[in-house]
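Listed here are the chains, written in short residue letters.
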Amino acid sequence: MKTGGVRLSGLDSLRGLAALIVVLSHALLLIPALGNAAITGHSTSPANISWWLAYTPLALMYSGGIAVYVFFILSGFVLSLPGSIHRLVDWAAYYSRRLIRLYLPVAGAVIFSVVLILLVPRVSDESMGWWMGVHAVEVYPLSAVREAVLLFGTGRYNTVLWSLVWEVVFSLFLPLYLLVGRWLANKLLLSTLGLIFLSALGMHLAISSLTYLPMFAIGVQLAAGVRMEDRRLSSVIHKWKRTLIFSLLILFIYFLLRDIPFALILCLMSCTGIVAACVGWQSENGVLNWLGTRSFSLYLVHEPILVTSAFLLGVSNLPWVWILGGLLVVLVTEVFYRLVESPSTVLSRTVGRTVRTILGSRKANVP
């Protein structure tokens, strides 16, 4: 992952790990008891696996939602850092590049999901759990189009697309985010804590926009701090191992206290620290680098494959679902990356250069 011309391999690895956590979370939700617990609430008894996956460090592999929060903060950081460093931004080229890079893979993922639903009908009953019931849908052309458009709401063909709705909204309003980020750049700690509180307030009030949009702004503030060479932030990044350990400890405390009001504050403090730590992490792990470069493809294709495998083989055969489905996820992720995501990235760059040429703005920076 490159930001401002500098490759931050730690962010690649973090993105890959976050995508892997989402995959593990969705694989565990195929267990009927855990699928039901996700909607009815986790057990308060340590005798139940649901309790261990909610209130202990084991929750790390069952925290798909928290991984998405990390994605949002990462997007805020990565997209805004070039604009934070270079004040001259070619917004026409930016919008053309960004929307192509988002929407072409999303369209491919929707088509892939629809094909799987047509090949393997989705019929569920109560014994299969809530999560499988959510995916027991039929295909309707207009709903598939709405799913691909994102801004009019997503259906149930591929539920991970809910997060892409907020990615698009943030991407559209990036100029405003940058203005606010520059305004608050000299108040990094205070503004970041304020954004964390706003997000927790949104969660408490059940207002989605207030919950998720400030998360992107947290990343924007981190980027502004990097540009301003904020002393405290530089120390946090430089001592990334200590920062990472401290952030994980905060996350473990959050797992214990997650049911109290405004516990999201602890969660987002941890997520912010994790992202800051990974800015300073020079990762050289081949597997993590692969996960990082393919994370978007992995994120888009894994759920239809796992769910389809469960409908085909049955939730009574979950070990085989996980083994065969997992192998298919790896294979399809690579194919999807090569045939859909990578070409869309190339196309977005070509279109961006063309727009810059047409508008005569070649010297402007493009996030």
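For the structure, check the block above.
Residues numbered from 1 in each chain as written. Predicted model: local features only at pLDDT ≥ 70, side-chain atom pairs only at ≥ 80, totals over all residues. Heavy atoms only, no water.

Draft legend 1. Up close: the environment of Arg182. Within the secondary structure, Arg182 sits in helix α9 (residues 174–183). Counting along the chain gives 39 residues from Arg182 to Gln221, while the straight-line C-alpha distance between them is 8.2 Å. (Helix = DSSP H or I, 4+ residues; strand = E, 2+ residues; numbered from the N terminus.)

Draft legend 2. Up close: the nonpolar core. If you look at the biggest cluster of nonpolar residues, it comprises 103 residues, and the most contacted ones within it are Tyr69 and Phe77. Among the elements that make up this core, the one with the highest residue count is helix α4 (residues 64–85) (13 residues). (Core = buried A, V, L, I, M, F, W, Y, C linked by side-chain atoms within 4.5 Å. Buried < 20%, exposed > 50% of the residue type's maximum accessible area, 1.4 Å probe, protein only.)

Draft legend 3. Examining the packing of helix α8 (residues 161–172) against helix α16 (residues 295–313) more closely. Where α8 meets α16, the closest approach of the two axes is 10 Å, and the angle between their N-to-C directions is 135°. Between α8 and α16, the interaxial angle falls into the category oblique. Together, Leu161, Ser163 and Leu164 of α8 and Phe296, Tyr299 and Leu300 of α16 make up the contact between the two elements. For the contact of α8 with α16, the class distribution of residues is 5 nonpolar, 1 polar and no charged. (Axes fitted to C-alpha atoms, helices over the stretch in contact; angles between N-to-C directions. Parallel < 35°, antiparallel > 145°, perpendicular 65-115°, else oblique. Contact = heavy atoms within 4.5 Å. Nonpolar A, V, L, I, M, F, W, Y, C, P; charged D, E, K, R; others polar.)

Draft legend 4. A look at the pattern of salt bridges. Applying the stated rule across the entire model yields 3 salt bridges. Across the salt bridge formed by Arg98 and Glu167, the nearest N and O atoms sit 3.2 Å from each other. Here Glu167 lies in helix α8 and Arg98 lies in helix α5 (residues 91–119), a separation of 69 residues in the sequence. Per residue, the accessibility class of Arg98 equals that of Glu167, and both read buried. A salt bridge links Arg294 to Glu334; the nearest nitrogen and oxygen atoms lie 2.9 Å apart. Here Arg294 is found in the loop between α15 (286–293) and α16, whereas its partner Glu334 is found in helix α17 (residues 318–359), with 40 residues between them in sequence. (Salt bridge = Lys/Arg side-chain N within 4 Å of Asp/Glu carboxyl O.)

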